[in-house]
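# Structure assessment
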Amino acid sequence: MPGMVVFGRRWGIASDDLVFPGFVELFFRVLWWIGTMILFTYHKGHFDCNGRGVLHTFLVGQLVVLALIILSLCAIIYVSAQGTITNPGPRRSMPVLVYLRAVLYLPELAWACMGAVWVSDDSRGCDPATVGSVIAAVVASWFILLFTALGVLFVFDPLGNPRPQPAAAEPLGVRHMESSEGTQFLSTARSLAVKVWESRLRLLCCCLPQDENQRAAFSSIAQLFTGFFSDTDLVPSDIAAGLALLHQEHDKMERSRDPDMVVPHSPSSPGEDLETELEKAAHCMQFAAAAYGWPLYIYSNLLTGPCKLSRDCCGSRGAEYEIVGGDHLGCHFSSILQSTGLQYRDFIHVSFHNQIYEIPFYVALDHKREAVLVAVRGTLSLKDVLTDLSAECENLPIEGVSGACYAHKGICQAAGYIYKKLVNDGILNQAFSIAPEYKLVITGHSLGAGTASVLAVLLRNSFPTLQCYSFSPPGGLLSKALADYSKDFVVSVVLGKDLVPRLSIPNMEDLKRRILKIVSNCNKPKYRILLQGCWYELFGGDPDDFPTEMDNRREEELSQPLLGEESLLVRHSSSYHSLASDDSPAHAATHLPLFLPGRILHITEDGPSRRSCFSTVRYRADWSNEMNFRSILISPRMLTDHMPDVLLRALNSLTCERPYSLCPSHTSGSHQQNV
């Protein structure tokens, strides 16, 4: 941090990012030099074959070029390892070393061409070992040159043009957006950034059909990414180092926490029967997981799943299912039948149609719970990802709800699509005409959970007894008024340190602020942070062995932009200013806050955070509060805890092992209150 400036532009790599690639190349270059020296020494510089002079020149020149490259790599590694992430002063000579290393590619290219010419024209009469060595050297040279070209493309920053610097008499931050020149510069930079992000999205989604929804989604996501990355000068390795430090910091706080601390119950549900809700949630989670179709079914049943589906997939069974749409081979619906145990006659409507803002769902009769069940699929395609990333707020007025009513735009659109299908197409009327005494239950996981929650809010006035079970819903979903309104009929289930229920724009801004703060306070070079972080993730250890705070570092020093002279934009950065204090006015939310829906049932592992792969996992469950999910927790389990099969196993474990399932605080808390 910041990106290195060479060849007149900024690149997506910092001057302290060359330790590992430099060391890898140095290792191979040293082996290469040793092999060439052995070959030259073995023949004592004399070769009995055609083109012996060219071969002698080639080997001597290669030894010299390799020696120069090895020396330059040693210098690059040494200099790159100096300083800290926010102190690039000791690395100020890095651009010169990069230029020197780039110049050495020219003789290497020339010698590779010379070796190729010698092999094709003058290698007759030479022993096969010598010819093979030269061929290996030529191939290695071309491979390294190709790999270097790919690396240059990878770290190329389209926004890396040189930036105008403030006048010498003007300190950074004085030349502000108020001036016409500053305003024009910021507007141009932002417009360029939006275009770059839109181009990246179009390239990533080149296989998707072009329509109005896609263009709207691209524009919305590009605006979001531009706003998020515009005020920082972080490179990817800075973020990785910050995440490694944050993980250790969080583990350190967890280990120092009092194990006897009592977690209070959610005030919204003081008398709720936790055991009953867990049983209902475990039952509904089967339907939410089944909505993913054959991919999750095969993944969860690797040995038996393909055999069970092979009878129905790729056959003519799909044509028999008139209620099924978008499942041409019948594999999705067959997996749903296998997962839920329902019969074909129990399904009212099944749709696997998938577009941006339009996600698959099915409606079935759950005779066991006497419910008309609507299950919405979670993220499983690139189109679903675009729906997820359309994270702007959209108004969602609901009759009878006072206060600001808004929600996640992409999920609102998806819920509106399903609402029209259910109501306007008469799907719910058809279901209740078959089972009028049944109640309406809506469920889903991840994106499906968020869509199910918003759909429940939309249908609540028409179906006052409906219930919604939302598994791992996105954190940035509903406004405070709608979240409070949904507590009467929505239950959200979150497992462990799942990332998605903590994922929202304000939480991402908070994560960015924490990364900036912890890397700015770190007194270690980046390569050590990454090495120790990898060791800690793989083998554990005591996080106290990895100090991260600089001695006598004053917090007020961090109230100014870090490395401001090389900041991407000359405007004042709220993210940097908020480093001064977590409670400072600058840390106030710049985005509308969004919350998890309904009452929150939090499931955590009971026992140490690290365990062997074959140890039995026991879980605990208790009611939680939406404010406990206002910060992203960095952990190796932040992604695995979101997987639907993992959550389903946790719920089944809680319901099958009832004596061990309930959180001790659930009983001890009431006992302590009575003392």
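- By the naming in an unreviewed UniProt entry, the protein chain is Diacylglycerol lipase-beta, taken from Salarias fasciatus.
- Heading Cofactor (unreviewed entry) of the UniProt record for the protein chain holds this comment: "Ca(2+)".

### Concerning the overall build of the protein chain
- Helices and strands together make up the secondary structure of the protein chain, namely 24 helices and 13 strands.
- Residues classed as buried in the protein chain amount to 50% of the 675 residues present.
- When the accessible surface of the protein chain is split by element, carbon and sulfur atoms take 61% of a total near 32,000 Å².

### Focus: the environment of V457
- By secondary structure assignment, the location of V457 is in helix 16 (residues 447–459).
- A relative accessible area of 0% means that V457 is categorised as buried.
- Residues V457 and F489 lie 32 residues apart in sequence; the distance between their C-alpha atoms is 8.8 Å.
- With residues up to four places along the chain from it excluded, the contact list for V457 reads I398, L482, Y485, S486 and F489.

### Quick notes on the UniProt feature "transmembrane region" (unreviewed entry) in the protein chain
- Mapped onto this numbering, the UniProt entry gives "transmembrane region" (unreviewed entry) at residues 20–42, 54–78, 98–119 and 131–156.
- In this annotation, residues 98–119 is assigned 95% helix and 0% strand; the end-to-end C-alpha distance for the span is 32 Å.
- The annotated region residues 131–156 carries 96% helix and 0% strand content, and the separation between its end C-alpha atoms amounts to 38 Å.

### Points about the environment of F352
- Its place among the elements puts F352 in the loop between strand 4 (347–351) and strand 5 (361–366).
- Under the relative-accessibility criterion, F352 is labelled buried at 9%.
- Sequence separation between F352 and A291 is 61 residues, and the spatial gap between their C-alpha atoms is 9.2 Å.

### Examining the packing of helix 9 (residues 274–290) against helix 22 (residues 644–656)
- The geometry of helix 9 relative to helix 22 is characterised by a closest axis approach of 9 Å and an angle of 145 degrees between their N-to-C directions. When the axes of helix 9 and helix 22 are compared, the crossing they make is left-handed. Across the interface between the two elements, L278, E279, A281, A282, M285 and Q286 of helix 9 pack against P644, L647, L648, L651, N652, L654 and T655 of helix 22.
- Classifying every residue of the contact of helix 9 with helix 22 gives 9 nonpolar, 3 polar and 1 charged.

### What to know about the pairing of strand 11 (residues 490–495)
- In terms of burial, strand 11 is a largely internal element, 6 of the 6 residues being buried.
- Here strand 11 shows a buried face lined by V490, S492 and V494 and a second buried face lined by V491, V493 and L495.
- The pairing of strand 10 (residues 467–471) with strand 11 spans 4 bridges and is classified as parallel. Across the sheet, the residue bridging to Y469 is V491, located in strand 11.
- The β-α-β motif built from strand 10, the intervening helix 17 (residues 480–485) and the parallel element strand 11 has right-handed crossover chirality.
- Examined bridge by bridge, strand 11 and strand 12 (residues 599–605) share 5 bridges and lie parallel to one another. From the neighbouring strand, S492 faces strand 12, where its bridge partner is I600.

### Description of the pairing of strand 5
- Burial of strand 5 is extensive: 6 of the 6 residues sit out of reach of the surface.
- Burial along strand 5 is two-sided: F361, V363 and L365 facing one way and Y362, A364 and D366 facing the other are all buried.
- Bridge count between strand 4 and strand 5: 4 bridges; the pairing is antiparallel. Counted as the bridge partner of F347 is A364 from strand 5.
- For strand 5 and strand 6 (residues 371–376), the ladder comprises 6 bridges, and the chain directions are antiparallel. Pairing of L365 across the sheet is with V372, part of strand 6.

### What about the side chain of S479?
- Turning to its location among the elements, S479 is positioned in the loop between strand 10 and helix 17.
- Filtering out sequence-adjacent residues up to four positions away, S479 remains in contact with A404, C405, Y406, P593, L594 and F595.

### Quick word on unusual backbone geometry
- Its identity is not glycine, yet Y357 carries a phi of approximately 70 degrees, on the positive side.
- Among the secondary structure elements, Y357 is positioned in the loop between strand 4 and strand 5.
- Even without being a glycine, S472 presents a positive backbone phi close to 55 degrees.
- Relative accessible area serves as the criterion here: at 0%, S472 is assigned to the buried category.

### Some details on helix 13 (residues 382–389)
- Residues K383, D384, L386 and T387 constitute the buried set of helix 13. The arc enclosing the buried residues of helix 13, seen along the axis, measures out at 155 degrees, which places them on a common side.
- The inward-facing, buried residues of helix 13 contact helix 7 (212–229), strand 8 (406–408), helix 14 (409–424) and helix 16.

### Brief notes about the pattern of salt bridges
- One pass over the structure, following the stated rule, counts 19 salt bridges.
- For K526, the salt bridge identified is with D17, shortest N-O distance 2.8 Å. With K526 in helix 19 (residues 526–539) and D17 in the loop between strand 2 (9–10) and helix 1 (19–42), this residue pair connects regions lying 509 residues apart in the sequence. Across the pair, exposure class does not vary: K526 and D17 are buried alike.

### Digging into the packing of aromatic side chains
- On inspection of all chains with the given rule, the structure shows 9 aromatic pairs.
- Seen from their ring centres, F7 and Y99 are 5.0 Å apart, and the 80 degrees between their planes marks the pair as edge-to-face. With F7 in the loop between strand 1 (5–6) and strand 2 and Y99 in helix 3 (residues 94–103), this residue pair connects regions lying 92 residues apart in the sequence.
- Here F432 and F463 contribute two aromatic rings whose centre-to-centre distance is 5.5 Å and whose plane-to-plane angle is 20 degrees, an arrangement assigned as stacked. Taken together, the positions of F432 in helix 15 (residues 427–434) and F463 in the loop between helix 16 and strand 10 put the pair 31 residues apart, joining distant regions of the chain.
- Judged by relative accessible area, which is 16%, F432 ranks as buried.
- Here a set of aromatic residues connected by ring pairs shows up, and it is made of F333, Y344, F347 and Y362.
- A cation over a ring is seen here: R101 above Y105, with NZ or CZ 4.0 Å from the ring centre.

Cut-offs and rules
Residues numbered from 1 in each chain as written. Predicted model: local features only at pLDDT ≥ 70, side-chain atom pairs only at ≥ 80, totals over all residues. Heavy atoms only, no water. UniProt positions renumbered as here; feature names shortened; annotations may be inferred. Helix = DSSP H or I, 4+ residues; strand = E, 2+ residues; numbered from the N terminus. Buried < 20%, exposed > 50% of the residue type's maximum accessible area, 1.4 Å probe, protein only. Areas by Shrake-Rupley, 256 points an atom, 1.4 Å probe, with all protein chains shown as cover. Contact = heavy atoms within 4.5 Å. Axes fitted to C-alpha atoms, helices over the stretch in contact; angles between N-to-C directions. Left-handed = near helix turned anticlockwise from the far one by under 90°. Nonpolar A, V, L, I, M, F, W, Y, C, P; charged D, E, K, R; others polar. Pairing = 2+ DSSP bridges. Right-handed = clockwise from strand over helix to strand, strands pointing away. Arc of directions from axis to C-beta. Salt bridge = Lys/Arg side-chain N within 4 Å of Asp/Glu carboxyl O. Phe/Tyr/Trp six-rings, centres within 6.5 Å; stacked < 30°, edge-to-face > 60°. Lys NZ or Arg CZ within 6 Å of the ring centre and 35° of its normal.

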